[in-house]
Amino acid sequence: MQIVEHSEVSRASPAAIWALYADVENWPSWDPALEWVRWPGPFVAGGSGTMKPRGAPVAKFVMTRCEPNKGFTDVSRMPLARIVFDHVLEAVPGGTKVTHSATAHGPLGWLFALLIGPAIRRGMPPSVM
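Residues numbered from 1 in each chain as written. Predicted model: local features only at pLDDT ≥ 70, side-chain atom pairs only at ≥ 80, totals over all residues. Heavy atoms only, no water.

A short note on the nonpolar core
Within the largest apolar cluster, 19 residues are counted, with the highest numbers of intra-cluster contacts made by Y21, W27 and F43. Those elements that provide at least two residues to this core are α1 (14-22), β2 (34-38) and β4 (59-67). In terms of residue count, the dominant contributor to this core is β4 (four residues). Those residues in contact with F43, other than ones at most four positions away along the chain, are W18, Y21, A22, V24, W27, M63, C66 and F72. Counting residues in hydrophobic clusters, the runner-up holds eleven residues, among them I3, V4, A104 and F112. (Core = buried A, V, L, I, M, F, W, Y, C linked by side-chain atoms within 4.5 Å. Buried < 20%, exposed > 50% of the residue type's maximum accessible area, 1.4 Å probe, protein only. Helix = DSSP H or I, 4+ residues; strand = E, 2+ residues; numbered from the N terminus. Contact = heavy atoms within 4.5 Å.)

So, the pattern of salt bridges
The tally for this structure, following the rule as stated, stands at three salt bridges. The partner of E35 in a salt bridge is K52, and the shortest N-O contact between them spans 3.5 Å. Residue E35 is found in strand β2, and its partner K52 is found in strand β3 (residues 48-53); the two are separated by 17 residues along the sequence. Taking the relative accessible area as the measure of exposure, E35 reaches 36% and is therefore partly exposed. The buried category is assigned to K52, whose relative accessible area is 16%. Linking E67 and R65 is a salt bridge whose minimum nitrogen-to-oxygen distance equals 2.9 Å. When its relative accessible area of 35% is taken as the criterion, E67 is described as partly exposed. (Salt bridge = Lys/Arg side-chain N within 4 Å of Asp/Glu carboxyl O.)

Notes on the environment of H6
By the element assignment, H6 lies in strand β1 (residues 2-10). Each C-alpha atom of the pair H6 and D31 lies 13 Å from the other, and the pair is 25 residues apart in sequence. Here H6 is in contact with V98, T99, H100, M124, P125 and V128, once residues within four sequence places are set aside.

So, in structure tokens, the structure goes:
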């Protein structure tokens, strides 16, 4: 179930935006919906960490896709559901099209989309460079 998708065009290059993505513990500097992020290892698929969204409990997440200068996907698991956050970079004339999206999956995906979807929808546009 699609929760939200938001795109913007940035004058920054895909490599410049990728550098921000790869600096996981500094995500709150460009994503105001986050209080903090802990990422103990390299920024690669299979890595995992924890984050504290503003006004929500600490959440664990796993990187499932990590393609330098193209994007990454991370997944947060909940009881009988998971929220998939996708971050896509597309080189365009004069910069990069940045698209962030969130989808809910699983038997209770609809419930989590209903409960946390509004906060995700509010927080998504400011996090897109």
